[in-house]
Amino acid sequence: MKQLKKVILAGALGVLALALAGCGGGEKKADNAKPDMNKPVIVGVNPGPHAVIMENVKKIAEKKGLKIEIKEFSDFVTPNAALAAGEIWANSYQHEPFLKATMKKEPKFKLAKAFNTALFPINIYSKKLKPGDKIPDGAKIGIPNDPTNGGRSLLLLAANNLIKVKDPKDITTTVQDITDNPHKFEIVELEAAAIPRSLDDLTCAAINTTYALNAGLNPAKDPIVKETADSLYVNIVAVQEKDLNDPRLKLFREAYQSKENGDFIKTKFPGSVYLGWKE
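By convention here, each chain's residues receive numbers from 1 onward along its written sequence. Local features in this predicted model are restricted to residues of pLDDT 70 or higher, and side-chain atom pairs are both shown and tallied only at a pLDDT of 80 or more, whereas totals for entire chains, interfaces and linings draw on every residue. Hydrogens and water molecules were not included; the side-chain quantities draw on all heavy atoms of the structure.

*Asks:* Could you give an account of the layout of surface pockets, with specific residues and numbers?
*Replies:* Within this scheme a cavity is a closed region of a 1 Å grid, computed over the protein atoms alone, that accommodates a 1.4 Å probe without allowing it to escape, whereas a pocket is open but has protein on both sides within 12 Å along at least five of seven lines; lining residues each have an atom within 4 Å of a point. Grid points are joined across faces, edges and corners, and a volume is the space filled by probe spheres set on the points. Taken as a whole, the largest pocket spans an internal volume of roughly 710 Å³. Those elements giving two or more residues to the lining of the largest pocket turn out to be α2 (49-63), β3 (90-95), α5 (147-159) and α6 (209-214). A total of four residues in the lining of the largest pocket trace back to one element, the largest contributor, which is α5. Looking at side-chain class alone, the lining of the largest pocket contains ten nonpolar, twelve polar and two charged residues. Each pocket or cavity is described by its volume, and for the second largest pocket that value is around 330 Å³. A class-by-class count of the residues in the lining of the second largest pocket yields seven nonpolar, three polar and five charged. Strands here are runs of E lasting at least two residues and helices are runs of H or I lasting at least four, both read from the DSSP assignment and numbered beginning at the N terminus. Gly counts as polar in this scheme, as do all residues outside two lists: the nonpolar Ala, Val, Leu, Ile, Met, Phe, Trp, Tyr, Cys and Pro, and the charged Asp, Glu, Lys and Arg.

What follows is the structure in structure tokens.
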């Protein structure tokens, strides 16, 4: 019996030793996991407004002690894949509906919205109508033929009571989801980049801010219908879920949502809506 007790006691002590060793290892791992505040973070962007703004954020963040390296991606898929793979620390190029669609398709990515940035609106422009003019019955209205911007354009028309759709918050809305078209508008689906060149053949059209600026349009003054700050398509910064409490993220957010950066955005990109302080 005594021998059995010794065996049991030895086994218990062995388990305890392993447990303590495990705890010690966990603490060591946690220490190793602490972010190096002196090491630059890599932020992915697309060329255009997001890249330009991030250069400004980089300067502001450095004053706060955060170093940023900017990595540009030429497409809309790779930045989230790179973020999920840990190749970059954050990205700033997409709106929340796009991130949600990505996560639905790739749940293993484990990405999350960190904070809001700005809205680069998709507005309705025309060479035949002036701001304040009513869009006439039977008008030919151009919209992008890709699912994201096409749905966004239809929701913009619905938000202004020009058409009705099945669900005014459904970002997957298509032309087939129009339930009422009282003004008999003809919806013309075109490649987004080609729409500004097609304005002569249309009554009006929905054009993204980037393409509008490239075409010499002023998103602050020229639209006949504007997308407003309550849009579902506000741009965001995304990170891995595990980094939502990263202390560097606080500095990054403060830099991006600073008044200095807000003034820069509104000056550099007329018609954009800076939403730094509106979550």
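Continuing now.
*Asks:* I'd like a rundown of the pattern of salt bridges, residues and numbers included.
*Replies:* Put simply, a salt bridge is a Lys or Arg side-chain nitrogen that is within 4 Å of an Asp or Glu carboxyl oxygen. For the structure shown, the criterion picks out twelve salt bridges. K130 is the salt-bridge partner of D133, the closest N and O atoms lying 3.8 Å from each other. Only protein chains enter the accessibility calculation, which uses a 1.4 Å probe. A residue is then buried if its area is under 20% of the maximum for its type, exposed if over 50%, and partly exposed in between. Look at D133 and you get partly exposed, because its relative accessible area is 31%. Look at K130 and you get exposed, because its relative accessible area is 55%. A salt bridge links D243 to K242; the shortest N-O distance between them is 3.3 Å. What makes D243 buried here is its relative accessible area of 12%. Overlapping salt bridges, with partners in common, bring together K64, K250 and E254 in one network.

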